[in-house]
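These are the residues of each chain, in order.
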Amino acid sequence: MQLTAAVSLLTILQEESISIHTYSHSFLPIILQNLEHRDAGVSNAWLETLLAAIEALPKETIRHEILNPLVSKAQLSQTLQSRLVSCKILGKLANKFEAHIVKREILPLVKSLCQDVEYEVRSCMCRQLELISQGIGTELTKNVVLPELVELARDESSSVRLAAFETLVNLLEMFDADDRSQTVLPLVKSFCEKSFKADESILVSLSYHLGKLCNGLYGIFTPEQHLRFLEFYKKLCTLGLEQENGHNDNQVQLQTLEQEKKYISVRKNCAYNLPAMMVFVDPKNFNLELYSTFFCLCHDPEVPVRHTVAIGFYEVLDALIGHLPEILELLSTGGEGGGSDSKLLNFPELIPALTRAEQRAATSLKWRTHEKLLQKYACLPHVISSDQIYYRFLHRMLTIIMTNNVLPVQKAAARTLCVYLRYNRKQEQRHEVIQKLIEQLGQGKSYWNRLRFLDTCEFIIELFSKSFFCEYFFLPVLELTHDPVANVRMKLCYLLPKVKSTLKVPTNKHLMQQLEMCVRKLLCEEKDKDVLSIVKKMVLELDRMETSLDAFQKRFYENDLLDQQKEREEHLLFELEQLEKEKQQNEGRSTSMSDKMYEKKRRDSKTAATLAKTIPMSVSGNSSAASSSKEVKKSKLVRSQSFSSQALHSKYSNIDKCASKSSSGYSSVSSVGKGSMFSFTDDSFRTRPSNSSGATTFSSTSSLPSSSRNTNNSVDHKSNGSKESHSRKVSLKNRKSNS
């Protein structure tokens, strides 16, 4: 009944069922009356309720109802239970009053209880000194509390000495360097030296606080003292294992079960303090000073010790992920600047480990860790090969974009996917990824996927050249102006300035016309007032923008230079692909081959046949494309629909034809600078693709996706095959002539 009553009054206080004034008037006397109940459990329950009430009670009530009676309750003439209760109440009261009140009315009681004749009272009061120090400040702590702690640290009772040691460790930050070196350090050294001769429970506490102690005194240690404390830690890490390891068999007596439990607790505490001791020895010296101890803890015979080592890694997890690019580079090359051909041979477990790490992060509740991990995985093109990324990571990123429920994680996956696409060295793989992005995101049934498509396009604008974006993503982005969901159209409107920044005139004059048509159509037909408001704002911003010319302009010099560099890198990837094909063909004809080259050919044999047919990416200014042989050019014209780039070029060619017909009644773009947004008299233009493919998966025989989700046309591929083949030929011929 007493326990239930104590819990009930505590619940009333926590839920604020009545006013604090009513509570102090009605219930506080009952709580104070039962503090000295003869049953220790009942007394502690009422004490817990009182300590919680002190947080909410006004100062005057505390002073009159609790502090004043405490003067008599703490006297030596009172019972042991009464003095123990007084110690705990004093620790709570120190934070409720100003320092001068604490100094005048509370500290005298604290000193008296620290010198009590019963060791239980001295130990209890010693453990409250930390709370009291926080209430009185640094100066009073140094002048009043520290002398009491020094005296208690030399107490005849081991429990009092242990309480003093733990309090000193917790208060290290409040002591200056002189106090720590002249007062605290000698006490700590003496305590550690006597710990092995004392009760094992002292070793348990010492091992728990050792990490905090070593780092708190780090600045005042001499090299000899630093080494002594490190050796002390190492000794604790193997406590109780000497007999198992075959050492001192004649000297070590049989340990009792209780001793074994305490030794396990000591080693477990050492494992808990391992991260702190890594800082203590300096990470640069870890291999020399602490690796052997770390190895022992990882292979400890007791599961709790090994478990503590494992869960302790969370303290360095963020730092580990933050330095993941450097770590992966060292792992993949074995610490040497080896080439990409030998990376997997040096560390074959790397890719499975990275895959498992991402999967575990994905299934955990720590989405920020998952986000950071995905961001750092963007370094993989510099660590492993393009094929390894394509088959093991790239499709995983697309799955995360489409299925994960956390927006920052989706965006991190989208950007990393764009980086993988940027450094992919096989054109057919690039076309497949582009197709999937357009089909499964840009034309996805879920508006959420279409929003992520726009995020992905923003990253593509950032990472790729302007010509790349215009070639593959410009029209699919504009198609979203007809999206049935207002949020998608709204996000597209915010992206329009970046979309326009990718255009150059006169090369992209037709794309500029289509952009202006789409914006005009939004202005005329948009019914959602929020979207319409954003459209009007974006129109003003678009009008203020100046469009880049094909030639260099002084005001765009830096941006144009950066874009040219991106184009050169994209051309370089194409050239590397051609060189690899030629190299593989030459190796195939060779009769003698070294072991290393044989292994490389075996790994690439699955893709060699495909690479031989790959269509070079058509990019303006690429001189290598013009030097292809006639047979390769002829094969390009008669290829089937399995190559996605042809379908994409064919579709864009049809769109260009449609745009040229539709623009016969329009005036031309009058300027490339300000005020060029609306120069058309008809706004009825809308892209009508000839293919209504709605496939959400990609196969070797699928064509690039239609740029519209709203079309209902269905065309028989057999009857239209010749027309599509002809359009593809015309498209490729036009593209060659433009090049």
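Residues numbered from 1 in each chain as written. Predicted model: local features only at pLDDT ≥ 70, side-chain atom pairs only at ≥ 80, totals over all residues. Heavy atoms only, no water.

In the annotation of an unreviewed UniProt entry, the entry for the protein reads Protein phosphatase 4 regulatory subunit 4, and the organism field reads Anolis carolinensis.

So, the pattern of salt bridges
It is possible for side chains bearing opposite charge to pair when their charged atoms get close. Enumeration over the complete set of coordinates arrives at 25 salt bridges. Residue Arg-127 is joined to Glu-166 by a salt bridge in which the shortest nitrogen-to-oxygen separation is 2.6 Å. On the criterion of sequence distance, the pair formed by Arg-127 in helix α8 (residues 119–136) and Glu-166 in helix α10 (residues 158–170) is long-range, its members being 39 residues apart. Among the residues examined, Arg-127 registers a relative accessible area of 38% and is labelled partly exposed. The residue Glu-569 makes a salt bridge to Arg-422 at a minimum N-O spacing of 2.3 Å. Here the residue Glu-569 occupies a position in helix α33 (residues 557–589), and Arg-422 occupies one in helix α25 (residues 407–422), the gap between them amounting to 147 residues. (Salt bridge = Lys/Arg side-chain N within 4 Å of Asp/Glu carboxyl O. Helix = DSSP H or I, 4+ residues; strand = E, 2+ residues; numbered from the N terminus. Buried < 20%, exposed > 50% of the residue type's maximum accessible area, 1.4 Å probe, protein only.)

Concerning the state of the cysteines
Within the structure shown, the criterion is met by zero disulfides. Not part of a disulfide, Cys-114 finds its nearest cysteine sulfur in Cys-126, a span of 6.7 Å. Residue classification places Cys-114 among the buried residues on the basis of a relative accessible area of 3%. No disulfide involves Cys-270; its nearest neighbouring cysteine sulfur is the one of Cys-237, lying 4.0 Å away. Residue class for Cys-270 comes out buried when judged on its relative accessible area of 0%. (Disulfide = S-S within 2.5 Å.)

Focus on helix α5 (residues 59–73)
Its 15 residues give α5 an end-to-end C-alpha distance of 20 Å, which sits within 8% of 21 Å, the value for a rise of 1.5 Å per residue. Helix geometry: α5 is bent most strongly at Ile-66, by close to 25°, with proline Pro-69 lying one to four residues after it. Inspection of α5 places Thr-61, Ile-62, Ile-66, Leu-67 and Leu-70 among the buried residues, and these make up the whole buried set. Where α5 is buried, its residues contact α2 (20–26), α3 (28–33), α4 (40–56), α6 (80–93) and α7 (99–114). (Expected span 1.5 Å × (residues − 1). Bend = angle between axes of the 7 residues up to and from the residue. Contact = heavy atoms within 4.5 Å.)

Regarding the UniProt feature "repeat: HEAT" (unreviewed entry) in the protein
With numbering aligned to this structure, UniProt lists the feature "repeat: HEAT" (unreviewed entry) at residues 106–143 and 145–183. With 87% helix and 0% strand, the stretch residues 106–143 has end C-alpha atoms that lie 15 Å from each other. Secondary structure across residues 145–183 divides into 74% helix and 0% strand, with the first and last C-alpha atoms of the span separated by 13 Å. (UniProt positions renumbered as here; feature names shortened; annotations may be inferred.)

Observations regarding the packing of helix α1 (residues 2–14) against α4
Closest axis-to-axis distance for the α1/α4 pair is 9 Å, and the angle between their directions is 10°. In this view, α1 runs roughly parallel relative to α4, as classed from their interaxial angle. Contacts between α1 and α4 involve Gln-2, Leu-3, Ala-5, Ala-6, Leu-9, Leu-10 and Leu-13 from the first element and Gly-41, Val-42, Ala-45, Trp-46, Glu-48, Thr-49, Ala-52, Ala-53 and Ala-56 from the second. Among the residues forming the contact of α1 with α4, the class breakdown is 12 nonpolar, three polar and one charged. (Axes fitted to C-alpha atoms, helices over the stretch in contact; angles between N-to-C directions. Parallel < 35°, antiparallel > 145°, perpendicular 65-115°, else oblique. Nonpolar A, V, L, I, M, F, W, Y, C, P; charged D, E, K, R; others polar.)

Quick word on the packing of aromatic side chains
If you walk through the whole model with that rule in mind, you get 19 aromatic pairs. With centroids separated by 6.3 Å and ring planes inclined at 85°, the aromatic side chains of Phe-286 and Tyr-291 adopt a geometry described as edge-to-face. On the basis of relative accessible area, Tyr-291 is assigned to the partly exposed category, the value being 38%. Taking 6.4 Å as the distance between ring centres and 40° as the angle between the ring planes, the aromatic pair formed by Tyr-291 and Phe-295 counts as tilted. (Phe/Tyr/Trp six-rings, centres within 6.5 Å; stacked < 30°, edge-to-face > 60°.)

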